[in-house]
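As a plain string of letters, each chain reads:
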Amino acid sequence: VFSQDEMVDTIGATKGKGIAGVVTRWGVTRLTRKTHRGLRKVACIGSWHPARVSFQVPRSGQRGYHHRTEINKKIYRIGKSLKEDANNACTENDLTEKAITP
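Chemist: Mind laying out the side chain of Asn88, listing which residues take part and the relevant values?
Modeler: Of note, Asn88 is situated in the segment after strand 4 (67–74). Reaching out from Asn88, the side chain makes a polar contact with the backbone oxygen of Lys80 at a distance of 3.2 Å. At 2.9 Å, the side chain of Asn88 and the backbone nitrogen of Ile100 are in polar contact. Apart from residues no more than four positions distant in its own chain, Asn88 is found in contact with Arg77, Lys80, Ser81, Leu82, Lys98, Ala99 and Ile100.

Chemist: Which residues make up unusual backbone geometry, and what values go with them?
Modeler: In this structure, the amide linkage connecting His49 to the following residue, Pro50, adopts the cis form with an omega of 5 degrees. Here Pro50 lies in the loop between helix 1 (22–26) and strand 3 (61–64). The phi angle at Asp5 is positive, at roughly 65 degrees, despite the residue not being glycine. Considering the arrangement of structural elements, one finds Asp5 in the segment before strand 1 (7–13).

Chemist: Describe in detail the environment of Arg63, supporting the description with residues and values.
Modeler: Note on placement: Arg63 falls in strand 3. Classification of Arg63 as partly exposed rests on a relative accessible area of 29%. Considered as a pair, Arg63 and Gly79 are 16 residues apart in the sequence and their alpha carbons are 35 Å apart. Beyond its immediate stretch of four places on either side in the chain, Arg63 contacts Gly16, Lys17, Gly18, Ala20, Thr24 and Arg25.

Conventions and cut-offs
Residues numbered from 1 in each chain as written. Predicted model: local features only at pLDDT ≥ 70, side-chain atom pairs only at ≥ 80, totals over all residues. Heavy atoms only, no water. Helix = DSSP H or I, 4+ residues; strand = E, 2+ residues; numbered from the N terminus. Polar contact = N/O pair within 3.5 Å; in protein donor to acceptor, adjacent residues only side chain to side chain. Contact = heavy atoms within 4.5 Å. Buried < 20%, exposed > 50% of the residue type's maximum accessible area, 1.4 Å probe, protein only.

Listed below in structure tokens is the structure:
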């Protein structure tokens with residue numbers, strides 16, 4: 001399926017971190033100390049008109065577990081299976097004999 005020195009794209013999901021507020025999720029600056037009804041908020045979420053919240057406004061919600069694609073990753077070495085080589089994690093320079101546990 002793969003060969004050595006081949007460039008591949010990897011697809012996966014980032015680490016999930018649950019629900020987060022705007023300060024943690026987007027790095028918004030906290031409000032001042034004496035703010036009424038909380039200070040870890042966005043001060044203004046938009047103007048009166050248009051009468052809806054724009055998608056650029058940072059909001060709280062899911063943090064992590066997002067779909068990501070990394071492109072152009074190079075395969076440097078393809079190892080042998082445990083049946084073919086008992087010490088499949090060793091190189092010529094290693095002092096210890098070791099295997100990759102499946």
